[in-house]
Amino acid sequence: QLFSTAQIRVGQEPQADGRLPVTVALTQRKQRSVEVGVRYRTDEGPGGNVGWQHRNLFGGGESLGVALDASGIGYSLSSEFRKPDVLARNQTFVASAEASALDTDAFTSNSIGGLLGFERILEPGVTGSLGVAYRFADVEQEGESERFGLLSLPAGLNVDKSNNLLNPTEGFRVLVSNEPFVDTLGTGVVFNKTRVDHTRYLQVLDRPGIVLAGRIAFGTMFGADRDEIPADERFYAGGGGSVRGFGFQLAGPLNEDDDPIGGRSLLELSGEVRMRFTETLGGVVFV
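What you are looking at is a predicted structure, and each value in this text was computed from that prediction instead of being measured.

A. Representation of the side chain of D232. Examined against the element boundaries, D232 turns out to sit in the loop between β14 (209-222) and β15 (265-276). In contact with D232, not counting residues within four places along its chain, are F107, S109, R135, A137 and V139.

Below you can see the structure in the form of structure tokens.
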């Protein structure tokens, strides 16, 4: 994201050693950007976000971003610093911090935390990550409040073999994350959280454009009982981006007041038929 154009020109006459000269002409893009957005969702109410990013902070491709997001269920203030090619090529150092306050039907949470880690491009379309994180949180559920100091070692693998970032018609994506936790404060709870997301795309007709898309998500936790795990770390399903057609976090265990309480396991399945009628008009049927 440092350049807007890149042109490669190969010379016509070889040099004395037989090699052709190659000229690479780059046009640098603006280094800073600001984004502002507003939205409305039936499960969150009105919301919005504002963000700022610098993509070449010290002249070596380092990026720094700050973002504020707020809605009817809470807010979050986050920042992230990324420095490429640390200790090795294709390896990025990442430092991030976030403060958030959430008030949902499932829980109320106030937390602040940070992460230090590395991301490495293993091959084109495959990125691995490993880090250490700490989060301090006050969590309340069903009238009971607990304080946690969660130390964790997040690791991930991101595989993107689709043919288009925003509108894929072929290929697949896999996202794997695993994070062992230990509470350094009063509870001393120890647990492990794993999640796998897999999405696949298949184009069956070119005109009109029809693409089949399928998704499966699986998550599990072990090492502690459900009620020992912080309520804001448990799995929840329901709502946009999860199980559409259900209310926010409502596709799962509920208490006597029909409020979600979360779980240690998660399974989501979805299938879509995406139809493209014109360059600017399309539709989708999903289950």
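B. A look at the nonpolar core. In this structure, F107, V139 and F191 are the most contacted members of the largest nonpolar core, which totals 17 residues. Those elements giving two or more residues to this core turn out to be β9 (126-141) and β10 (144-152). When neighbours within four sequence positions are excluded, F107 is seen to be in contact with L102, V139, E140, A231, D232, Y236 and Q249.

C. Inspection of a negative patch on the surface at higher detail. Taken together, E142, E144, E146, E256, D257 and D258 make up a surface patch of like negative charges. In this structure, E142 sits in the loop between β9 and β10.

D. Quick peek at the packing of aromatic side chains. One pass over the structure, following the stated rule, counts four aromatic pairs. Each ring, one from F181 and one from F191, has its centre 4.7 Å from the other, and the planes form 15°; the classification is stacked. Of this pair, F181 sits in strand β12 (residues 171-183) while F191 sits in strand β13 (residues 190-205), placing them 10 residues apart in sequence. If you follow R244 out to its NZ or CZ, it ends over the ring of F286, 3.9 Å from the centre.

E. Seen up close, the pairing of strand β16 (residues 282-286). Sheet analysis places β15 next to β16, joined by five bridges and oriented antiparallel. Looking across to β16, one finds that R276 is bridged to G282. Hairpin connection, β15 to β16: the antiparallel pair is bridged by five residues.

F. A look at the layout of surface pockets. By volume, the second largest pocket amounts to about 400 Å³. Looking at the second largest pocket, it is lined by 18 residues, and the ones nearest its centre are Q1, Q53, G61, S63 and R82. When contributions to the lining of the second largest pocket are tallied by element, the ones reaching two or more residues are β5 (63-71) and β6 (74-83). Per-class residue counts for the lining of the second largest pocket are five nonpolar, nine polar and four charged.

G. Representation of unusual backbone geometry. With an omega dihedral of -5°, the bond running from R207 to P208 counts as a cis peptide bond. Relative to the helices and strands, P208 is located in the loop between β13 and β14. Positioned with a positive phi, D85 is a non-glycine residue whose angle comes to about 55°. Within the secondary structure, D85 is located in the loop between β6 and β7 (91-103). With a phi angle near 70°, L87 is a residue other than glycine that sits in the positive phi range.

H. How the structure looks around a nonpolar patch on the surface. Residues V34, V36, V50, W52, V66, L68, Y75 and L77 make up a contiguous nonpolar surface patch of about 720 Å² in total accessible area. Mapped by element, the contributors of at least two residues to the nonpolar patch are β3 (32-41), β4 (45-54), β5 and β6. Here L77 lies in strand β6. Classification of L77 by relative accessible area gives partly exposed; the value is 44%.

Rules used throughout
- Residues numbered from 1 in each chain as written.
- Predicted model: local features only at pLDDT ≥ 70, side-chain atom pairs only at ≥ 80, totals over all residues.
- Heavy atoms only, no water.
- Helix = DSSP H or I, 4+ residues; strand = E, 2+ residues; numbered from the N terminus.
- Contact = heavy atoms within 4.5 Å.
- Core = buried A, V, L, I, M, F, W, Y, C linked by side-chain atoms within 4.5 Å.
- Buried < 20%, exposed > 50% of the residue type's maximum accessible area, 1.4 Å probe, protein only.
- Patch = residues over 30% accessible without salt bridge, like charges linked within 9 Å, V, L, I, M, F, W, Y side chains within 5 Å.
- Areas by Shrake-Rupley, 256 points an atom, 1.4 Å probe, with all protein chains shown as cover.
- Salt bridge = Lys/Arg side-chain N within 4 Å of Asp/Glu carboxyl O.
- Lys, Arg positive; Asp, Glu negative; His and termini not counted.
- Charge placed at Lys NZ, Arg CZ, Asp CG, Glu CD.
- Phe/Tyr/Trp six-rings, centres within 6.5 Å; stacked < 30°, edge-to-face > 60°.
- Lys NZ or Arg CZ within 6 Å of the ring centre and 35° of its normal.
- Pairing = 2+ DSSP bridges.
- 1 Å grid on protein atoms, 1.4 Å probe; cavity = no way out; pocket = protein on both sides within 12 Å on 5 of 7 lines; lining within 4 Å.
- Points joined across faces, edges and corners; volume = space filled by probe spheres on them.
- Nonpolar A, V, L, I, M, F, W, Y, C, P; charged D, E, K, R; others polar.

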